[in-house]
Amino acid sequence: PAAADSTAGAKRFLCCDYNGGQVCIVSAKGEIEWRATAKAPQDCWQLPNGNILFCHVGGAIEMTREHRVAWEYKAPEKVECHACQPLPDGRVMIVEGGTSRIIEVSRDGKIAKEVKLATTTANTHNQFRGTRKLPNGHYLVCAKGESKVKEVNDTGKVLREITVPGDPHEVLPLPNGNWLITCGDGHKVVEVNPAGKTVWELNEHDVPGNPLRLMAGAQRLPNGNTIFCNYLGHGHIGEQPMFFEVTPEKQVVWQFDDHAHFRTINQIQVLDPSGGVLR
């Protein structure tokens, strides 16, 4: 079918390639415009000044287009960082497995805020994934090893939690108050309302010819479509597209499968033609 070969809706984007060890900006034509190497990158942002912020297993870096490090945070030994977020006050939020905490790091590289997180998962790699600070000061945290997404306040108190199939990797707070959650190796995506009810889902075989593997990063676009990163590690590298854009009706309008230059795209941020972030 036409949708299975769709590149008509191709867009410019920033991405993390976890197994490929790189963070890249890719043009709508599929050409790599900018590339930085990083060990196991998991989250990425283009900042208003054009710099790229990304986290890797050992910390987070803000890098200029000329590859100069404008800001950096190095995590303690045996700690893993799997999410970061630029905050309006200039700080960078990072979640750490091993220390089990959310930190906000200031421009001088010092930890300005620390929120301790409770976890029942001993394995550092499995503790946390996608984490976002909300405008009200709360945080949404994917507790990967617990199969839960939690909303916590600035003292780490759990205000709300939802259990999902698999191991959640990303939670997107939507304007209507719902949470869109990718369920990792649960081969599923769910959108839940504030009452915890699933109001939309994408299941393992809902996308013809592109079974859901490990569902990782995601971005909801202004038109209501969503891009989902289908992480192909754990035995599926090279087999199928690495991400796809689907309508609410689950129709594929764009997918990306450049296996020559990428291995496992696990996070994406679509950029508009002028270079800003498409939200």
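Residues numbered from 1 in each chain as written. Predicted model: local features only at pLDDT ≥ 70, side-chain atom pairs only at ≥ 80, totals over all residues. Heavy atoms only, no water.

It is not clear to me how unusual backbone geometry should be interpreted in this structure. Could you clarify?
For residues other than glycine, phi is negative in most cases, and the peptide bonds are mostly trans. Of note in this structure, Ala40 is not a glycine but carries a positive phi near 50°. Considering the arrangement of structural elements, one finds Ala40 in the loop between strand 3 (32-37) and strand 4 (43-46). Phi is positive for Ser100, close to 50°, though the residue is something other than glycine. Mapped onto the elements, Ser100 comes out in the loop between strand 9 (92-97) and strand 10 (101-105). (Helix = DSSP H or I, 4+ residues; strand = E, 2+ residues; numbered from the N terminus.)

Help me out: how do you make sense of the side chain of Thr64 in this one?
Checked against the element boundaries, Thr64 lands in the loop between strand 6 (59-63) and strand 7 (69-74). If sequence neighbours within four positions are ignored, Thr64 has contacts with Trp34, Asn51 and Ala70. (Contact = heavy atoms within 4.5 Å.)

Just checking my understanding: could you explain the confidence of the model for the protein chain for this structure?
Do not read the fine detail of predicted coordinates wherever pLDDT is low. Per-residue pLDDT for the protein chain averages 94, and the proportion of residues at 70 or more is 95%. Long-range and interchain partners of residues 1-6, a stretch whose pLDDT sits below 50, account for 7 contacts in this model, where long-range means more than four residues apart. (pLDDT = per-residue confidence, 0-100.)

Mind showing me how you'd approach the nonpolar core here?
In a soluble, globular protein the nonpolar side chains are often hidden away together inside. Phe13, Phe243, Phe256, Phe262 and Ile265 are the most contacted members of the largest nonpolar core, which totals 22 residues. Among the secondary structure elements, those contributing two or more residues to this core are strand 1 (12-17), strand 2 (22-26), strand 20 (214-220), strand 21 (226-231), strand 23 (252-256) and strand 24 (265-271). In this structure, Phe256 is in contact with Phe13, Val26, Pro241, Met242, Phe243, Phe262 and Ile265, ignoring residues within four places of it in sequence. The next biggest cluster of nonpolar side chains, apart from the first, holds 15 residues, and it includes Trp45, Leu47, Val92 and Ile94. (Core = buried A, V, L, I, M, F, W, Y, C linked by side-chain atoms within 4.5 Å. Buried < 20%, exposed > 50% of the residue type's maximum accessible area, 1.4 Å probe, protein only.)

Please clarify how the packing of aromatic side chains should be interpreted in this entry.
How two aromatic rings sit relative to each other is given by the distance of their centres and the angle of their planes. For the structure on display, the rule yields 9 aromatic pairs. Between Trp200 and Phe228, the ring centres sit 6.3 Å apart and the planes meet at 10°, which makes this aromatic pair stacked. With Trp200 in strand 19 (residues 198-202) and Phe228 in strand 21, this residue pair connects regions lying 28 residues apart in the sequence. Residue Trp200 shares its accessibility class with Phe228, and that shared class is buried. On the basis of an interplanar angle of 70° and a centroid distance of 5.6 Å, the ring pair of Phe256 and Phe262 is categorised as edge-to-face. (Phe/Tyr/Trp six-rings, centres within 6.5 Å; stacked < 30°, edge-to-face > 60°.)

Explain the sheet that holds strand 8 (residues 80-86) to me, please; I cannot follow it from the model alone.
Here we have 4 strands laid out as an open sheet, ordered 8-9-10-11, and antiparallel in their pairing. Each having just a single partner strand, strand 8 and strand 11 (111-116) make up the two edges of the open sheet. Strand-to-strand twist across the sheet, computed as the mean angle between neighbouring axes with direction ignored, equals 20°. The pairing of strand 10 with strand 11 spans 5 bridges and is classified as antiparallel. Paired with Ile103 across the bridge in strand 11 is Glu114. (Pairing = 2+ DSSP bridges. Axes fitted to C-alpha atoms, helices over the stretch in contact; angles between N-to-C directions.)

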